[in-house]
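Understanding the architecture of this molecule
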Amino acid sequence: MLPESAKMENVPSFFATEVALITTNSSKYGPNAMAFEWTMQIAYDPILIAIFIHESPTYWNIQETNGFAVNMA
């Protein structure tokens, strides 16, 4: 039997999706902000956030600098 916290009906209360801005900056493509509707926190310790980025200025900036910021709304 699964513990109470592992039951599927409890999952949304632990890992809700949120709106976020992903911000980046690079010398080649410059500053960029991309809105994400489905940003999901997938772990609490350490805090891990799942996002998926298509080919875009945000993606290219991350490829160049290996850095970005997540701003949760």
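The preceding data block contains the structure.
Considering the arrangement of structural elements, one finds Val70 in strand β4 (residues 69–72). Residue class for Val70 comes out partly exposed when judged on its relative accessible area of 30%. Setting aside chain neighbours within four positions, we find Val70 in contact with Ala20, Leu21, Ile22 and Ile49.

We now examine the pairing of strand β2 (residues 32–44). On a regular strand, one side chain projects to one face of the sheet and the next to the other, so that they alternate. Relative to strand β3 (residues 47–50), β2 runs antiparallel, the two sharing four bridges. Within the sheet, the bridge partner assigned to Gln41 lies in β3 and is Ile49.

Mapping Thr23 onto the fold places it in strand β1 (residues 17–24). The partly exposed category is assigned to Thr23, whose relative accessible area is 27%. With 10 residues separating them along the chain, Thr23 and Ala33 place their C-alpha atoms 4.4 Å apart. Those residues in contact with Thr23 that lie beyond four places of it in its chain are Asn32, Ala33, Phe68, Ala69 and Asn71. Looking at Thr23, its side chain comes within polar contact range of the side chain of Asn71, at 3.4 Å.

For Asn66, the location among the structural elements is in the loop between α2 (57–65) and β4. Spatially, the C-alpha atoms of Asn66 and Thr24 are 9.6 Å apart, while their sequence positions differ by 42 residues.

In this section: the packing of aromatic side chains. Scanning the model with the defined rule gives one aromatic pair in all. With 5.5 Å between their ring centres and 35° between their planes, Tyr29 and Trp60 make a pair best called tilted. Taken as a pair, Tyr29 in the loop between β1 and β2 and Trp60 in helix α2 lie far apart in primary sequence, 31 residues in all. Classification of Tyr29 by relative accessible area gives partly exposed; the value is 38%.

Analysis parameters
- Residues numbered from 1 in each chain as written.
- Predicted model: local features only at pLDDT ≥ 70, side-chain atom pairs only at ≥ 80, totals over all residues.
- Heavy atoms only, no water.
- Helix = DSSP H or I, 4+ residues; strand = E, 2+ residues; numbered from the N terminus.
- Buried < 20%, exposed > 50% of the residue type's maximum accessible area, 1.4 Å probe, protein only.
- Contact = heavy atoms within 4.5 Å.
- Pairing = 2+ DSSP bridges.
- Polar contact = N/O pair within 3.5 Å; in protein donor to acceptor, adjacent residues only side chain to side chain.
- Phe/Tyr/Trp six-rings, centres within 6.5 Å; stacked < 30°, edge-to-face > 60°.

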